[in-house]
Structure formats: C-alpha cells, structure tokens
Amino acid sequence: MKRMLGRLIDKVVDYYRGWTVFLDEGLEEYLEAPWKLKSAIAVTLEGILVILLTSASQSPGTLILTVVPLLIIVAWLPVLDKLAEARVIHGLVDKELAFFIVMASATCRTGLEPLELLRYVSESRVFKGFRVIGEKFTCLEKIIGVGDALRIVSSVLKGMARTFFIEYSSALSTGTVVEYLMRSAGEAVKDAWSGLSRIVEKRSELGVLIAVVASVMPALTVGFTILMDAYILYYTLIPILILGVVGSTIIPNYPLPFKVLIEKSVGKVLSLMYIVGVALLTYPLTYMVLTDRMMEKRILLYLGAASMILGTPGFILILTALFKTFELRNVLEDVSVNVRTYRSLIFVDDELLSHLGSKPIRTWLIDYVYETLRFHRSLGEVEPDVYTLFTVFTNDLLRTLRSYLAGLTIMITAILSTPFLIKTLLTIAPFTSITLQVAYSSILATGFISSKLMLGRNISTLVPGLLVFIYGLL
C-alpha cells in the first residue's frame, strides 16, 4: 500500500513538474516543484489524520478543526497558483499556434524556419506563450542540441501544439518537412479564419440578444404589475443587477488578432476614469434603493452626461485602434510588390508600420505583422508563391474585422432602443420607486454588457452613460 501511494505521488509530482516548464521562472521553479508539491501533500495527509483523531476523541477541538483546514489551504496555494499560471501560458500557446505556423511557413525553403522562429520569439513582445517555449528551447539547445531540445519541448506541450511539433520532428527525419509545413500552414489559415468568423458572428448575435432580453425582462415584469402587486418587481431587481455584473465580467475580450493592447500609463488613466464613471452611474440606483425615493431627472441627465465625458476617450481610442488596423492593407501591398520584384523584404518601407506600432493603443495584429516582417527580413530571400500565404492570411483577418465592425451598427441600434421601450412601458405601470429601480437597473445592465461587447474590455462608460442620458431626457 505504501509503495502504491509512493508511485501515485511520484506520478502527480511528474505531472505537476511538466506544467512548471511553462513558467517564466526557469530552472529554479522546475527544481523546486517536487518539494513544494510533496510538502502540500504531506500537510494534507497529516491534517486529515489530525482531524480524524480529534473527531474520534469526541473532544471539542474547535480550534484544531478551524486551524488545520487553513494550514492545508495555505500549503496548496503556491502549488495552485503556479498551476493556474502554467495553464494560462498553455492557453496562450494554443491561441498563438496558427500565427506561429503561418509566420514560420511563409518563407519556407529549408524546413528549419520553425526552429529559427523558436529562437526568435524567445525575445518576442507579441507571442506571450511561445516566448516561454522559445526560451526553454534556446536554453536546452545550447546544452543538449537541437534534436533533443525539440523532443523535450514537444513532450511538455499540450493539445494541437504538441501534435504539430511531434509531426514536425518526424517530417524532419523523413525529409518531408517543407511539404508538411505548407500543409500545416494551409490548415492553420483555414482553421483560424473559420474560428474567428464564428466568434465574431456570435458576438454580434449576443449583442442584439442582450439588448432584447434586457428590455423585454423588465418590460414583462412591469406589465405584470398591472395585474399583480407592484412589489413583484423586487424579485426582478436582483436578477437584472446580477445579469449586468456577470455579463460584463464573463464576456471574453476580442479574439487574439483583434485584441487591443494598451500601455500601462494610458491604461491606468482610462481605468481611473472608468471607475469614476461607474460610481456616477450607480449612485442613482444606490440612492433609490436606500431611500426608496425617486431620483430627479435633472440629476440623471447630469450624471449621464458626466459619465459620457469620462468614457469618451476610452471609447474613441479603442475604436480608433481597431480602424487603424485596416492601414495594414497598404503595408501588405508594399510587401507584395517588393516580394514579386526583388524576392526580398529588404526594400520594404516600414515607416507606416513603425508608426502604427508606436501607438500607445493598438491591436495585436499590428504588432504581429511588424514582428513577422522583421523575422522574414532576417531570413533573406523570399519565394513569392510561398509568401502569398502570409498576405492572404492577414487580409482574411482584416475582412473578418471589417464584417464585425459593420455588424456593430445593428447592435448599436438595438441598444439605443432600450431606453425608449422601457420609458414607454413605464407609462402603463404603477409609478413607484421600485418600478424606476428596475427600469434603471435594466438600462445599466444593457449599457455595461454592450460596452464590453463593443470594446472587448471594461474601459469606457460612454455607452451606459448615453443610455442613462437618453432615459433622463424622455
């Protein structure tokens, strides 16, 4: 029994150790992983034994039963924290895989481009997940050689990334690596485009759905008050508030290529303005709930206008960054001309791309194109027919972004109708404080969730402020 338990612990330690490879701490964390995990397991087993003995002795033991579980939790916190961090990096590797494959295959001539790219991305500011993998590969390569380093990297990766590198190693040994890379790149382009199209389509549909639900739910409830007691609205207020908080939290950011990157200094200012805007918008609801009195329309107008002013910079900067991404078309045209004419990227004018990349707020795709061109320029000669893969891939991404931004017009129309619909229904409902609380909560929920869908993050109060302002005017 003891031997079986020891083997089980060793397997758990090996599993955890494999995950620590994804961490930025390097060799130190990898070596300390077994000690940390075994310590947590030992504390857990001893703690369970103490709890069982205390319960069997039928003594009060209240302090022991309180302190021991806390000690167990404290022992596991470092382990769980590192595991969660490793899982995040692993998730980033999966998201970046298609872009890594296209970047490595767009100038494929020898088949060794993925190895060169692993070395290159070890200092990347674009690839967060593959940067860690590149660092591990570069360190291992110096010690044990390229082949063994690639084998170890393949063994610690998960999912599609692991499959790609294992099959890539096999293709290297059989001499079919160029064909394999081109096939993998074609599949990566197709999968990435279809995946992004589905995500963008669902986000557009979700925006319209949220606007409809946030309007209809209080509308139906207000309608029921004509036949029933108005205090039924108390049971509606909390679900609407939960919908707003949870919705604006769990809705994911934009897909990786369209994710907006914000420098820390600018991000801190926008976050502060967002917090102040949220406080202004939630004040009327807090006032009505605590005092059970109605808020004057004049105050709602002022608060809505103030939150709109505070939210305008973030809203404009995010949308400007998204629209600026379309200027990559000019860059790609220049690249295509140079590749067809000179079979090289040496003469490509990257002034526009450098200008876009220097913006404090920009999309991930801009940084990706900039870093890709730098990497391809370092490889030397470029085959025009092969390089078409990269330009087609990037143009497909830009078309997907354009279709999503065009779909925002439908979403905005549905969202702006919310205050009008709610105000119309309030004319037939009992005019009480709780009725106004439900209506106002619905407007806030619609505004914050819609803002998260439009901008990809909670960074602006322009949309909820606008809805409150319109509601105050009616």
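Parameters and conventions
- Residues numbered from 1 in each chain as written.
- Predicted model: local features only at pLDDT ≥ 70, side-chain atom pairs only at ≥ 80, totals over all residues.
- Heavy atoms only, no water.
- Helix = DSSP H or I, 4+ residues; strand = E, 2+ residues; numbered from the N terminus.
- Expected span 1.5 Å × (residues − 1).
- Buried < 20%, exposed > 50% of the residue type's maximum accessible area, 1.4 Å probe, protein only.
- Arc of directions from axis to C-beta.
- Polar contact = N/O pair within 3.5 Å; in protein donor to acceptor, adjacent residues only side chain to side chain.
- Contact = heavy atoms within 4.5 Å.
- Patch = residues over 30% accessible without salt bridge, like charges linked within 9 Å, V, L, I, M, F, W, Y side chains within 5 Å.
- Areas by Shrake-Rupley, 256 points an atom, 1.4 Å probe, with all protein chains shown as cover.
- Salt bridge = Lys/Arg side-chain N within 4 Å of Asp/Glu carboxyl O.
- 1 Å grid on protein atoms, 1.4 Å probe; cavity = no way out; pocket = protein on both sides within 12 Å on 5 of 7 lines; lining within 4 Å.
- Points joined across faces, edges and corners; volume = space filled by probe spheres on them.
- Nonpolar A, V, L, I, M, F, W, Y, C, P; charged D, E, K, R; others polar.
- pLDDT = per-residue confidence, 0-100.
- Phe/Tyr/Trp six-rings, centres within 6.5 Å; stacked < 30°, edge-to-face > 60°.
- Lys NZ or Arg CZ within 6 Å of the ring centre and 35° of its normal.

## Brief notes about helix α12 (residues 328–342)
Side chains of residues three or four places apart in an α-helix project in the same direction, reflecting 3.6 residues per turn.
For step 1, the next point in the chain: Between its terminal C-alpha atoms α12 stretches 21 Å, which fits the 21 Å expected from 15 residues at 1.5 Å a residue.
For step 2, the next point in the chain: Of all the residues in α12, the buried ones are Leu328, Val331, Leu332, Val335, Ser336, Asn338 and Val339. Down the axis of α12, the buried side of the element spans an arc of 170°, and every buried residue falls inside it. For α12, exposure combined with an orientation more than 90 degrees from the buried face picks out Glu333, Arg340 and Thr341.
For step 3, the next point in the chain: Arg343 sits one or two residues past α12 and shows a positive phi near 55°.

## Points about helix α14 (residues 364–379)
For step 1, the next point in the chain: For α14, with 16 residues, the first-to-last C-alpha span of 23 Å sits near the 22 Å given by 1.5 Å per residue.
For step 2, the next point in the chain: The set of residues buried in α14 consists of Trp364, Leu365, Ile366, Asp367, Tyr368, Val369, Glu371, Thr372, Leu373, Phe375 and His376.
For step 3, the next point in the chain: Of the residues trailing α14, Gly380 is marked for its positive phi of about 95°.

## Describing the side chain of Ser460
For step 1, the next point in the chain: The residue Ser460 is located in the loop between α16 (433–455) and α17 (462–473) in this model.
For step 2, the next point in the chain: For Ser460, a relative accessible area of 1% corresponds to the buried category.
For step 3, the next point in the chain: At 2.5 Å, the side chain of Ser460 forms a polar contact with the backbone oxygen of Gly311.
For step 4, the next point in the chain: In this structure, Ser460 is in contact with Tyr274, Gly311, Thr312, Gly314, Phe315, Ser451 and Leu455, ignoring residues within four places of it in sequence.

## Remarks on a nonpolar patch on the surface
For step 1, the next point in the chain: Taken together, Ile238, Ile242, Val245, Val246 and Ile250 make up a surface patch of nonpolar side chains, about 480 Å² in accessible area.
For step 2, the next point in the chain: Structurally, Ile250 is set in helix α9 (residues 234–250).
For step 3, the next point in the chain: For Ile250, a relative accessible area of 61% puts it in the exposed group.

## Here's the deal with the layout of surface pockets
For step 1, the next point in the chain: Considering only enclosed or pocket space, the largest pocket measures out at about 870 Å³ in volume.
For step 2, the next point in the chain: Considering each element in turn, the lining of the largest pocket owes the most residues, 13 residues, to helix α8 (residues 177–224).
For step 3, the next point in the chain: Here the lining of the largest pocket is composed, by residue class, of 20 nonpolar, four polar and nine charged.

## Things to note about the confidence of the model for the chain
For step 1, the next point in the chain: Across the chain, the average pLDDT comes to 79, with 78% of residues at or above 70.
For step 2, the next point in the chain: Confidence, expressed as mean pLDDT per element, reaches its minimum in the chain at helix α1 (residues 2–20) with 60 and its maximum at strand β2 (residues 361–363) with 91.

## Considering the packing of aromatic side chains
For step 1, the next point in the chain: Under the criterion given, the structure shown has 21 aromatic pairs.
For step 2, the next point in the chain: Relative to Phe130, the ring of Phe100 lies with its centre 4.3 Å away and its plane at 10°, an arrangement referred to as stacked. Separated by 30 residues along the polypeptide, Phe100 in helix α3 (residues 62–105) and Phe130 in helix α5 (residues 129–144) bring together distant segments of the chain.
For step 3, the next point in the chain: Of the residues examined, Phe130 reaches a relative accessible area of 0% and is grouped as buried.
For step 4, the next point in the chain: Aromatic side chains Phe323 and Phe326 sit 6.3 Å apart centroid to centroid with 50° between the ring planes, which places their arrangement in the tilted category.
For step 5, the next point in the chain: For Phe323, a relative accessible area of 48% puts it in the partly exposed group.
For step 6, the next point in the chain: Judged by its relative accessible area of 12%, Phe326 is buried.
For step 7, the next point in the chain: Note that Arg402 overlies the ring of Phe326, its terminal NZ or CZ placed 4.4 Å from the centroid.

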